[in-house]
Amino acid sequence: MASPPAVRVLQVCAEIFPLLKTGGLADVAGALPAALALAGAEPRVLLPGFAPILAGLSNARTVATLPARGQVPAARLLLGDLAACGVQAYVVDAPALYQREGGPYADAQQRPFADNHLRFARLCWAAADLAQGADPAWRPGLVHAHDWHAGLTPACLQAVGAHVPSVYTVHNLAYQGSFSAAQFHQLGLPELYFQPDGLEFHGTLNFMKAGLHYAQRITTVSPSYACEIQHPEQGMGMDGLLRARAEVLSGILNGVDEAVWHPAMDVLIPANYDAKKLAGKARCKAALQQQLGLTEDATAPLFTVVSRLTEQKGLHLVLAALPQLVARGAQFALLGSGDAAMQDAFRAVAVACPQAISVRIGYDEPFAHQLIAGADVIMVPSHFEPCGLTQLYGLAYGTVPLVRRVGGLADTVTDCSLEALDEGRATGVVFDDFSAAGLDAGIRRALALYRRRSEWKAVQRTAMAQRHDWAEAAQQYLAVYRQALAH
Ligand code: ADP
């Protein structure tokens, strides 16, 4: 029997690793297409024409001129190869919208661009135009939209009468793309979409709500987060809608892109290693201590954080824990950027204690690899965490994760309870209480485990044996696509 034709999936997203990344979304967008292709689908991506994306696009040609909608301006639609990501990409070329100083969403002073609703509606309308045949040579059979930037896509598909189902993935419910009612009227969508049973949220326009309301299937990036967001505490106002749509909501864990994050092959770290031979990891730690000016002591447990500096990540708990951590003979190295007050607070503790604390404010991909390879423990004490990637990188690198029991952290790290140690299942340290005392208790347990060398090594090896690969995630996405297509 002939196998069914490969499903043509259009992935709509605002960033993609390695060209443009502000967080985990880019890692997913960069890895998922190749995994879907290996699993038998035919993926392409649709991206805004930010400068780094256009620079990474080869063999580009214009496939369509996209019409204006309301105050959303017309644009050229390019098709080319994103060789760095191994995928063909449609890029919305609209320099007035996308080519600006600053980041993809905000200016250099971190102020969101005033016309973000138009900039990302432009992306979503392009998906609808593609579904309607804007490129006669390739029409998607399914559209998969990611996060608030692509949230309007399912609404736009419905508005143009496209018979193409959509899947919407929430990477972080905290960022919803919220605008005023007046801004809704600029988008070119029919008035009837602006109602509570649509994309209106208490009188405002909400891009994420459009995705949650109009998509045939909803996914988020871990099973625990899929449950948590159905409750008021983590639902960010969307829990009622998510409960109503619980039957079409599921959680699929992100994977680790082993071409990028693998300690045996990583070209960004000073020595390679694997679970059988951890000597290279000790060399990574020694190099890191030397480079950062920390006391060069192989026996001092080295804790790290690689993170955006935001409320969500619970880093004020780390700040509170640092004096005790250092007093107990441990070291700490942070790489991160974000909240200005938090940046200053971390800088200040490093200045006060340079032999044990190192802080680098900024975004630095190679240094992130060096920290994760060289540290003993990676801390992720988040208040909420949809999936979390750095703890997965920690597992892969034998860098024991110390995490709060929430979201994807709870789904991916097994606490070193006595029974889990005994049964060879423990992969890290998990604490419950989102408080300085809760994290401090976790740190003490991590230190106690570190001193028990044979158990520590066993936990490292169990961690490194975990597989969070994209092949598994791609199979789960394909199953969700099949459900959406059957809808
Ligand atoms: P989020 O998407 O909420 O920021 P994730 O853990 O899902 O959190 O993904 C964060 C990604 O960004 C990881 O790949 C992490 O290594 C990377 N990252 C975060 N901060 C930095 C930084 N300052 N420099 C380099 N990489 C960073």
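Residues numbered from 1 in each chain as written. Predicted model: local features only at pLDDT ≥ 70, side-chain atom pairs only at ≥ 80, totals over all residues. Heavy atoms only, no water.

**Q** Help me out: how do you make sense of the overall build of the protein chain in this one?
**A** Counting its secondary structure elements, the protein chain contains 20 helices and 18 strands. Here the C-alpha atoms of the protein chain give a radius of gyration of 23 Å, agreeing with the 23 Å that 2.2 N^0.38 yields for 487 residues. Its C-alpha atoms give the protein chain principal-axis dimensions of roughly 65 × 55 × 45 Å. Scored against the burial criterion, the 487 residues of the protein chain give a buried share of 60%. Sequence separation of 24 or more characterises 70% of the internal contacts of the protein chain that already satisfy a separation of 6 or more. By element, 54% of the accessible surface of the protein chain is carried by carbon and sulfur atoms, the whole surface being about 18,700 Å². Taken as two groups, the 37 positive and 42 negative side-chain charges of the protein chain have centres that lie 3 Å from each other. (Helix = DSSP H or I, 4+ residues; strand = E, 2+ residues; numbered from the N terminus. Rg over C-alpha atoms; globule rule 2.2 N^0.38 Å. Buried < 20%, exposed > 50% of the residue type's maximum accessible area, 1.4 Å probe, protein only. Contact = heavy atoms within 4.5 Å. Areas by Shrake-Rupley, 256 points an atom, 1.4 Å probe, with all protein chains shown as cover. Lys, Arg positive; Asp, Glu negative; His and termini not counted. Charge placed at Lys NZ, Arg CZ, Asp CG, Glu CD.)

**Q** Help me understand the sheet that holds strand β10 (residues 204-206) in this model?
**A** The pairing of strands in a sheet happens through backbone hydrogen bonds and is either parallel or antiparallel. Reading across the sheet, the three strands line up as β8-β10-β9 and stay open at both edges, with antiparallel pairing between neighbours. Of all the strands in the sheet, the pair left with one neighbour each is β8 (178-179) and β9 (200-201). Helix-sheet contacts for helix α7 (residues 207-214) involve β8, β9 and β10, and the interaxial angle to β10 is about 60°. (Pairing = 2+ DSSP bridges. Axes fitted to C-alpha atoms, helices over the stretch in contact; angles between N-to-C directions.)

**Q** How do you make sense of the side chain of His 171 when you look at a structure like this?
**A** Locating His 171 in the fold gives a position in the loop between β7 (166-170) and β8. A distance of 2.9 Å separates polar atoms of two side chains, one belonging to His 171 and the other to His 146. Setting aside residues no more than four positions away along its own chain, His 171 makes contact with Leu 25, Val 28, His 146, Asp 147, Val 221 and Pro 386. (Polar contact = N/O pair within 3.5 Å; in protein donor to acceptor, adjacent residues only side chain to side chain.)

**Q** Honestly, the environment of Ala 471 in this entry has me stumped. Any pointers?
**A** By secondary structure assignment, the location of Ala 471 is in helix α20 (residues 470-486). Between the C-alpha atoms of Ala 471 and Leu 38, which are 433 residues apart in sequence, the distance is 7.8 Å.

**Q** Looking at this structure, I do not really get the sheet that holds strand β5 (residues 87-93). What am I missing?
**A** Pairing within the open sheet is mixed, and its nine strands lie in the order β3-β4-β5-β2-β1-β6-β7-β11-β12. A single partner strand is all that each edge strand has here, and the edge strands are β3 (57-66) and β12 (249-251). When strand polarity is set aside, the average angle formed by the axes of neighbouring strands in this sheet is 25°. Summarising the sheet, strand β6 (residues 142-146) and β7 pair through four bridges and their orientation is parallel. Each residue of the ladder has a partner; that of Val 143, found in β7, is Ser 166.

**Q** Teacher, can you tell me more about the packing of aromatic side chains here?
**A** Aromatic ring pairs are described here by two measures, namely the spacing of the ring centres and the angle between the planes. A full pass over the atoms with the stated rule returns 15 aromatic pairs. The interplanar angle of 10° and the centroid separation of 3.9 Å between the aromatic rings of Trp 261 and Tyr 393 together place this pair among those described as stacked. In this pair, Trp 261 sits in the loop between β12 and α11 (279-292) while Tyr 393 sits in helix α15 (residues 390-396), placing the two residues 132 residues apart along the sequence. A relative accessible area of 4% means that Tyr 393 is categorised as buried. Three or more aromatic residues joined by ring pairs make a cluster, and in this case those are Tyr 105, Phe 120, Trp 148, Phe 179 and Phe 207. The ring of Tyr 450 has Arg 453 lying over it, and the distance from NZ or CZ to the ring centre is 4.5 Å. (Phe/Tyr/Trp six-rings, centres within 6.5 Å; stacked < 30°, edge-to-face > 60°. Lys NZ or Arg CZ within 6 Å of the ring centre and 35° of its normal.)

**Q** Explain the site of the ligand here, please?
**A** Near the ligand lie 18 residues; those nearest to it are Lys 21, Gly 24, Asp 27, Arg 308 and Gly 362. Contact between the ligand and Lys 21: an oxygen atom at 2.8 Å from a side-chain N or O atom of the residue. Its free accessible area being 570 Å², the ligand has 93% of it covered by the protein chains. Counting residues per element, the ones that place at least two in the shell around the ligand are α1 (24-38), β13 (302-309), β14 (331-338) and α15. Among the elements that line the shell around the ligand, the one with the most residues is β13, at three residues. (Near = heavy atom within 4 Å.)

**Q** Any chance you could explain the pattern of salt bridges here in plain terms?
**A** Opposite charge on two side chains lets them pair, provided their charged atoms get close. Applying the stated rule across the entire model yields 20 salt bridges. Across the pair Asp 344 and Arg 347 runs a salt bridge whose closest N-O atoms are separated by 3.2 Å. Of this pair, Asp 344 and Arg 347 both sit in helix α13 (residues 340-352), three residues apart, roughly one helical turn. Taking the relative accessible area as the measure of exposure, Arg 347 reaches 39% and is therefore partly exposed. Salt bridges sharing common partners tie together Lys 21, Asp 27 and Glu 365. (Salt bridge = Lys/Arg side-chain N within 4 Å of Asp/Glu carboxyl O.)

**Q** Teacher, can you tell me more about the packing of helix α12 (residues 315-327) against α13 here?
**A** Running from N to C, α12 and α13 point in directions that differ by 20°, and their axes come no closer than 11 Å. Relative to α13, the element α12 is oriented roughly parallel. Note that α12 runs across α13; the crossing there is left-handed. In this structure, α12 uses Leu 315, His 316, Val 318, Leu 319 and Leu 322 to contact α13, whose residues at the interface are Met 342, Ala 345, Phe 346 and Val 349. Class assignment of the residues belonging to the contact of α12 with α13 gives a composition of eight nonpolar, one polar and no charged. (Parallel < 35°, antiparallel > 145°, perpendicular 65-115°, else oblique. Left-handed = near helix turned anticlockwise from the far one by under 90°. Nonpolar A, V, L, I, M, F, W, Y, C, P; charged D, E, K, R; others polar.)

**Q** Help me understand α13 in this model?
**A** Each turn of an α-helix holds 3.6 residues, which means side chains three or four residues apart point in the same direction. Helix length check: α13 (13 residues) gives 19 Å between terminal C-alpha atoms against 18 Å at 1.5 Å per residue, within 8%. Within α13, burial applies to Met 342, Gln 343, Phe 346 and Ala 350. Seen along its axis, α13 keeps its buried residues to an arc of 105°; they face one direction. With respect to the buried face of α13, the exposed residues turned more than 90 degrees away are Ala 341, Val 351 and Ala 352. Residues of α13 that are buried sit in contact with β13, α12, β14 and β15 (357-361). Measuring from the backbone nitrogen of Ala 341 back to the side-chain oxygen at the start of α13 gives 3.3 Å, which picks out Asp 339 as the cap. (Expected span 1.5 Å × (residues − 1). Arc of directions from axis to C-beta.)

Geometric values such as these leave the question of function open.
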